[in-house]
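Residue-level structural notes
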Amino acid sequence: MIINEALRLYQPAAATIRETTKEIVIGKVRVPANTTLLLNMFDVHHNAEYWGPDVYEFKPERFAQGIVNACSTSAAFIPFSIGPRNCVGQNFALLEARIILALMLQRFRFSLSQGYKHLPINVMIQPAHGMQIIFEKLWISEFCFCSCLRDFLLEIIIASFILMRVWVHVCFSSFPLR
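This section reports on the structure supplied with the text. Think of each chain on its own: its residues are numbered from 1, step by step along the sequence as written. Per-residue local features of the predicted model are confined to residues with pLDDT of at least 70, and side-chain atom pairs are confined, for both listing and counting, to 80 or more; whole-chain, interface and lining totals are unaffected and use all residues. Where side-chain values are given, they derive from all heavy atoms of the structure, hydrogens and water being excluded.

A word on the overall build of the protein chain. Along the backbone of the protein chain there are five helices and eight strands. Going along the chain from the N terminus, every DSSP run of H or I of four or more residues is numbered as a helix, and every run of E of two or more is numbered as a strand. Overall, the protein chain shows an N-to-C arrangement of helices and strands of α-β-β-β-β-α-α-α-β-β-β-β-α. The cut-offs for exposure are 20% and 50% of the maximum accessible area for each residue type, with area from a 1.4 Å probe on protein chains only; residues under the lower value are buried, those over the upper are exposed, and the others partly exposed. The proportion of buried residues among the 178 residues of the protein chain is 30%. A total of about 11700 Å² of accessible surface is found on the protein chain, and carbon and sulfur atoms cover 64% of it. All accessibility values rest on the Shrake-Rupley procedure with a 1.4 Å probe; residue burial counts only the protein chains present in the view.

Moving on: the nonpolar core. Nonpolar side chains in soluble globular proteins generally cluster together in the buried interior. One finds Leu7, Trp51, Phe63, Ala76, Phe77, Phe80 and Leu94 to be the most contacted residues of the largest nonpolar core, which totals 16 residues. Those elements that provide at least two residues to this core are helix H1 (2-9), helix H2 (41-45) and helix H4 (90-107). Setting aside residues up to four positions removed in sequence, Leu7 forms contacts with Pro12, His45, Phe77, Pro79, Phe80 and Leu94. For this analysis, a nonpolar core means a set of buried residues of the types Ala, Val, Leu, Ile, Met, Phe, Trp, Tyr and Cys, connected via side-chain atoms within 4.5 Å. Working rule for contacts: check all heavy atoms of both residues, and any pair within 4.5 Å makes them a contact.

Bringing the pattern of salt bridges into the picture now. Just to be clear on terms, a salt bridge is a Lys or Arg side-chain nitrogen sitting within 4 Å of an Asp or Glu carboxyl oxygen. Per the counting criterion, the structure on display carries five salt bridges. Across the salt bridge formed by Glu5 and Arg8, the nearest N and O atoms sit 2.9 Å from each other. With Glu5 and Arg8 both in helix H1 and three residues apart, the pair spans about one turn of that helix. Judged on exposure class, the residue Glu5 and its partner Arg8 are both buried. Residues Asp54 and Lys59 are paired through a salt bridge, measuring 2.5 Å at the closest nitrogen-oxygen approach. The class of Lys59 is partly exposed, set by a relative accessible area of 22%. Bridged by salt links that share partners, the residues Glu5, Arg8, Asp54, Lys59 and Arg62 form one connected network.

The phi dihedral of Asn34 is positive, around 60 degrees, even though this residue is not glycine. The residue Asn34 is located in the loop between strand E3 (29-31) and strand E4 (36-40) in this model. Phi angles above zero are rare outside glycine, and Ser81 is one such case at about 75 degrees. Looking at where Ser81 falls in the secondary structure, it is placed in the loop between helix H3 (48-51) and H4.

A separate point is the environment of Leu105. By the element assignment, Leu105 lies in helix H4. Judged by its relative accessible area of 48%, Leu105 is partly exposed. Taking C-alpha positions, Leu105 is 9.9 Å from Lys137, a pair spaced 32 residues apart along the chain.

Each Phe, Tyr or Trp ring (for Trp, its six-membered ring) is paired with any other whose centre lies within 6.5 Å, and the angle between the two planes then decides the class: stacked below 30 degrees, edge-to-face above 60, tilted in between. Across all of its chains, the model carries three aromatic pairs by this definition. Pairing Trp51 with Phe77 gives two aromatic rings, centres 6.5 Å apart and planes at 75 degrees, and the pair type is edge-to-face. Placement of Trp51 in helix H3 and of Phe77 in the loop between H3 and H4 is noted, with a sequence separation of 26 residues between them. The residues Trp51 and Phe77 share a single accessibility class, namely buried. Through a chain of ring-to-ring contacts, the aromatic side chains of Trp51, Phe63 and Phe77 assemble into a single cluster. Over the face of the ring belonging to Trp51 we find Arg8, whose NZ or CZ atom lies 5.1 Å from the ring centre. The criterion is that NZ of a Lys, or CZ of an Arg, lies within 6 Å of the ring centre and within 35 degrees of the ring normal, and then a charge sits over that ring.

Right, dumping it as C-alpha cells:
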C-alpha cells in the first residue's frame, strides 16, 4: 500500500509517448495513423475525478482493497505505463523497493518533517524541496543476520537501486516510440 501510494504521487516518469500504427478513435476524437501521442501519467495520478477530493494527500489506505479498487478505474494507476509496452523493469523495481523498505523498517523509525509539502517537479518526478524525513536508529536491529552480512546485503541493494535509476533513464532513451 505504501509503495503504491508513493508511486502514485511520485511515479518514475511524468509521461510516456506512443505512436499510432493505424487510425484510432479515442472518445469522440479520430486520431490518424503515425500520430505521436503523449500520455501524461502525472495528470492521471493527480486527477480528482479518478482519485477523489483528497488526490494530493498521501493515503496508502487507498490501496487496502488492491489496485483495482483504489480509484474509479483501474487504468488510472499507471506508474510504469500500461499494456504490452510497459516498463520492463517494473517487477524488479517493485521487488527492490519492498526489500529496501523492509530493511529500513528493521533499522529505523522515520516520519515526515512537519515542514514537508507535497510538490513534485521535473520529468523524473521527485519532491521539489527534497524528502524531509527524520530517521531514528532502532537499537533492536540485530534480527536475522549477523551485522556484517546484513550490511553487505544492504550495500548490494542500495547499489542495485542506483543501477535501477540508471536503467530507467536507459529505457526511456533507447526504445523506439512505436
